[in-house]
Amino acid sequence: MTLSGITQRLSHQRTRPPYPNCFTSGVTDSLADALIGIVGSAHVLTGPDMCAPYETDWTRRFSGRSRLVVRPGDAGQVAAIIVACADAGARVVPQGGNTGLVGGGVPRDGEVLVSLRRLEDVADADPVAARLVAGAGATLASVQHTARAAGLAVGVDLASRDSATIGGMIATNAGGIHVIRYGPMRAQVLGVEAVLADGSTLSLLDGPLHSSAGYDLTGLLAGSEGTLAIITRAALRLVPEPTDRAVALIGASDTADAMALAAAARALPSLDAIELFHDSGLALVRSYSGLAAPLERDWPAYLLVECAGSGGTFDELSAFLTGTGADRDIAVAVDPQERRRLWAYREQHTEAIAAAGIAHKFDVSLPLSRLAGFVAAADARVAAHSPQASTITFGHAGVGNVHINVLGLAPDDAHIDDVVFRVVAEYGGSISAEHGVGTAKRDWLHLTHSAVEIAAMRAVKQAFDPKGMLNPGVLLPAQA
Ligand code: FAD
Ligand code: MLT
Ligand code: ZN
């Protein structure tokens, strides 16, 4: 399925007017009755067919049954839903665009699934403060569109932009292609409005830009994966929209060569992205998309470097490329269509991999100096463990974030997860750079986080959600 196919599926769910009355099961459920009283019968879904699209995640590796799906239209309804669920002893899984890749936004064991997609309002950007307030269900693309109208941009960008929501991106502390310049989602969030597990609303949207008064609750909710609160709105910092861009795709002899180029590229003043992929991923993308070979000859590794600013980016990038050596095989693009073509080789990896099978996806980060060694070791360890598997590696090389994708194994084969996460720990990395922990990685959190860290996280969870109502089974390992 293509990303645009997925986007269509998701936007179909989001906008199909009028919302059908899906409460067709005939089940007598007093919680469902209470929720219908809050959001109306059109927004409480109970039949298996109606709930199914919310019950399996994008990877198709994680799915479970929900008790029902409820679709609030504003923060007040979210708060009332939480109170009703608490009264009924029901647990809750928040969901945005359902593009998450770690099984954190789908039900596991009969939870109530709260879809935030109807909270999709985006206010006009404030050009003086360079900020914008958006509902948690607004897609990144819609926020980008509104920001662009004011000559501004969001500092985070992802290939899932047409479906991923602002709430989901904050909850996962999403990264993407511009982390090297602007940091992850946490760095773009000036404040949030969020409903807590007791139904009260935390409103942090309007504070001053700079404040050191106490704990950073907004920062804490970024990356909390729906386990501490349900985010309903956010104030986002905006950055100037670049008017001038240049992209280069450079062939590299191996990962270490690509990382050496990346190290040099980090000094570029208008650097906007440094991305890595390999011959195996390129071959898959080309057979999936029909794209021609990007360079004169084939290379084991490829580095994509983008500069963006208000002028002179081509000259800046050209000077850098000249310094990389005379015999480099390079394609450079300035024209928007040509730039999109070069980016397609990188951005289509996720779709091409998903089209080839259900992958074990590992989003990990490594110290930059150890990344090339890690990639080789992970490849070798996977091959030794599962000779029938194929490994495709790509990612955000500038910040040491690589995505290891293993195809050819049963989705529930957890041995391979153990193999790869142990290599990550050996190389001093993190088991999640940008996708979160979800249910996919929680059993390995202890490999890279100390018992003291995990105990502190548990204490935070206990303080926010003493009854364990919000997204149970996500992020924190089960207690012995
Ligand atoms: P969902 O999948 O719906 O949920 C994700 C998590 O957030 C779940 O734990 C859920 O419970 C929680 N959650 C959702 N909404 C809320 C809310 N309002 N309040 C509290 N908790 C909430 N990710 C990256 O970081 N970088 C990338 O470059 C990137 N590229 C991608 C490319 C493709 C093609 C795809 C399919 C995915 C990609 N992703 C990437 C992963 C995904 O898009 C991000 O994790 C995104 O942030 C998820 O947003 P969502 O709205 O789909 O969240
Ligand atoms: C990406 O960088 O394209 C994503 O994080 C998605 C993925 O890991 O497949
Ligand atoms: Zn990524």
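Above: the structure in question.
Described below are features of the structure shown in this document. (Residues numbered from 1 in each chain as written. Chains lettered and ligands numbered in written order. Predicted model: local features only at pLDDT ≥ 70, side-chain atom pairs only at ≥ 80, totals over all residues. Heavy atoms only, no water.)

Considerations on the site of ligand 1
Now for step 1: Taken together, 36 residues form the shell around ligand 1, and within it Pro94, Gly96, Thr99, Ser160 and Thr165 come nearest.
Now for step 2: Gly168 places a polar main-chain atom, nitrogen or oxygen, 3.5 Å from an oxygen atom of ligand 1.
Now for step 3: Contact with the protein chains hides 97% of the accessible area of ligand 1, taken as 980 Å² for the molecule alone.
Now for step 4: For the shell around ligand 1, the secondary-structure elements that each account for two or more residues are strand E3 (92–95), helix H6 (166–172) and strand E9 (229–240).
Now for step 5: Considering every element that reaches the shell around ligand 1, the biggest residue donor is H6, with five residues. (Near = heavy atom within 4 Å. Polar contact = N/O pair within 3.5 Å; in protein donor to acceptor, adjacent residues only side chain to side chain. Areas by Shrake-Rupley, 256 points an atom, 1.4 Å probe, with all protein chains shown as cover. Helix = DSSP H or I, 4+ residues; strand = E, 2+ residues; numbered from the N terminus.)

Quick notes on the sheet that holds strand E1 (residues 44–45)
Now for step 1: A sheet is described by the order of its strands in space; here four strands give the open sequence E1-E2-E4-E3, paired in mixed fashion. Each of the sheet's edge strands pairs with one partner strand only, and the pair in question is E1 and E3.
Now for step 2: Note that E1 and strand E2 (residues 66–70) share two bridges and pair antiparallel. Bridge pairing links Leu45 to Val69 in E2.
Now for step 3: Contacting E1, E2, E3 and strand E4 (111–115), helix H3 (residues 48–55) runs over the sheet at an angle of about 85° to E2. (Pairing = 2+ DSSP bridges. Contact = heavy atoms within 4.5 Å. Axes fitted to C-alpha atoms, helices over the stretch in contact; angles between N-to-C directions.)

Some details on the coordination of the zinc ion (ligand 3)
Tetrahedral coordination by four donors puts the ideal angle at the metal at 109.5 degrees, and octahedral coordination by six puts it at 90 or 180 degrees.
Now for step 1: Only His396 (NE2), His403 (NE2) and Glu434 (OE) from the protein coordinate the zinc ion (ligand 3), and they sit 1.9 to 2.1 Å from it.
Now for step 2: Within one chain, the residues serving as donors to the zinc ion (ligand 3) are arranged as H-x6-H-x30-E. With His396 in strand E15 (residues 390–396) and Glu434 in the loop between helix H15 (414–426) and helix H16 (445–448), this pair connects stretches of sequence that are 38 residues apart. Of the two residues, His396 and Glu434, both sit in the buried class. (Donors = N, O, S within 2.8 Å, 3.2 Å for Na, K, Ca; no water. Buried < 20%, exposed > 50% of the residue type's maximum accessible area, 1.4 Å probe, protein only.)

A closer look at empty space enclosed by the protein
Now for step 1: What the rule picks out here adds up to five cavities of 30 Å³ or more.
Now for step 2: In this structure, the second largest cavity occupies an estimated 60 Å³ of space.
Now for step 3: Surrounding the second largest cavity, Trp58, Thr59, Thr350, Ile353, Ala354, Gly357, Ala359 and Lys361 form its lining.
Now for step 4: In terms of residues, the lining of the second largest cavity owes the most to one element, helix H13 (residues 349–356), which gives three residues.
Now for step 5: Considered class by class, the residues forming the lining of the second largest cavity number four nonpolar, three polar and one charged. (1 Å grid on protein atoms, 1.4 Å probe; cavity = no way out; pocket = protein on both sides within 12 Å on 5 of 7 lines; lining within 4 Å. Points joined across faces, edges and corners; volume = space filled by probe spheres on them. Nonpolar A, V, L, I, M, F, W, Y, C, P; charged D, E, K, R; others polar.)

Details of the packing of helix H10 (residues 279–289) against H13
Now for step 1: Following both chains from N to C, one finds H10 and H13 inclined at 80°, their axes separated by 9 Å at the closest point. In terms of their interaxial angle, H10 and H13 are classed as roughly perpendicular. Residues Gly281, Leu282, Leu284, Val285 and Tyr288 of H10 form the contact with H13, whose participating residues are His349, Glu351, Ala352, Ile353, Ala355 and Ala356.
Now for step 2: For the contact of H10 with H13, the residue count by class is eight nonpolar, two polar and one charged. (Parallel < 35°, antiparallel > 145°, perpendicular 65-115°, else oblique.)

Things to note about the sheet that holds E15
Now for step 1: Read from one edge to the other, the open sheet built from seven strands follows the order E13-E10-E12-E11-E15-E16-E14, with strand pairing classed as antiparallel. In the strand order of this sheet, the two ends are held by strand E13 (330–333) and strand E14 (360–365), each with one partner. Put simply, the sheet's adjacent strands are angled 15° from each other on average, direction ignored.
Now for step 2: Here strand E11 (residues 271–278) pairs with E15 via two bridges, running antiparallel. Each bridged residue has a counterpart across the sheet, and for Phe277 the counterpart in E15 is Phe394.
Now for step 3: Across the sheet, helix H11 (residues 313–322) lies against strand E10 (244–252), E11, strand E12 (301–309) and E13, angled at about 20° from E10, the strand it touches most.

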